[in-house]
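One-letter residues, chain by chain:
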Amino acid sequence: PVDILTFHYNRNMAYAPAARTYDEAIDTVLELWPELRDVERDHIKLLVTGSDHLVRVPKMSWQAVLLDLPRYEVVHV
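Residues numbered from 1 in each chain as written. Predicted model: local features only at pLDDT ≥ 70, side-chain atom pairs only at ≥ 80, totals over all residues. Heavy atoms only, no water.

Engineer: Can you help me understand the pairing of strand β1 (residues 4-9) in this one?
Structural biologist: Along any regular strand, the residues point their side chains to alternate faces of the sheet. Most of β1 sits inside the fold, with five of its six residues counted as buried. Pairing between β1 and strand β2 (residues 12-17): six bridges, direction antiparallel. Each residue of the ladder has a partner; that of T6, found in β2, is Y15. Counting the residues between successive antiparallel strands, the hairpin from β1 to β2 contains two residues, one of them, N10, with a positive phi of roughly 50°. (Buried < 20%, exposed > 50% of the residue type's maximum accessible area, 1.4 Å probe, protein only. Helix = DSSP H or I, 4+ residues; strand = E, 2+ residues; numbered from the N terminus. Pairing = 2+ DSSP bridges.)

Structure (structure tokens):
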């Protein structure tokens, strides 16, 4: 499995350890961008690049998708 991802939000990027769960990924996002702490967790969405567009990764799919992501894959917030 991938060990590090690139998180992207509002034209800013940061490397972070790949979160094993969706909730841990949201925790990472909130740590990287404290200005999002006032946003309800359910309103924060994570997306990865599909074949020709961004694809949302819902909580139920996070672990399965994580297995196929390459190192440094960009996760858009």
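Engineer: Help me understand the environment of V57 in this model?
Structural biologist: Relative to the helices and strands, V57 resides in the loop between β4 (54-56) and α2 (62-68). As a C-alpha pair, V57 and V77 span 20 residues in sequence and 10 Å in three-dimensional space. What V57 contacts, discounting residues up to four positions off in sequence, is Y22, L46, L47, V48, W62 and V65. (Contact = heavy atoms within 4.5 Å.)

Engineer: Mind showing me how you'd approach the pattern of salt bridges here?
Structural biologist: Once their charged atoms are close, side chains differing in charge can pair, the charge on each being opposite to the other. According to the stated counting rule, one finds four salt bridges in the structure shown. With a closest N to O distance of 3.8 Å, R20 and E24 form a salt bridge. For R20, a relative accessible area of 60% puts it in the exposed group. Among the residues examined, E24 registers a relative accessible area of 31% and is labelled partly exposed. Across the pair D27 and R41 runs a salt bridge, and its minimum N-O distance is 2.8 Å. Of this pair, D27 sits in helix α1 (residues 22-32) while R41 sits in the loop between α1 and β3 (47-49), and the two are 14 residues apart along the sequence. D27 sits in the partly exposed class, given a relative accessible area of 41%. (Salt bridge = Lys/Arg side-chain N within 4 Å of Asp/Glu carboxyl O.)

Engineer: Would you mind showing me how to read the packing of aromatic side chains here?
Structural biologist: Aromatic ring pairs are defined here through the distance separating the ring centres and the angle between the ring planes. All told, the structure shown has three aromatic pairs when counted by the stated rule. Ring centres 6.2 Å apart and planes at 80° place the aromatic pair Y22 and W62 in the edge-to-face group. Of the two residues, Y22 is situated in helix α1 and W62 in helix α2; the sequence distance between them amounts to 40 residues. The pair formed by Y22 and W62 is uniform in burial state, with each residue classed as buried. (Phe/Tyr/Trp six-rings, centres within 6.5 Å; stacked < 30°, edge-to-face > 60°.)

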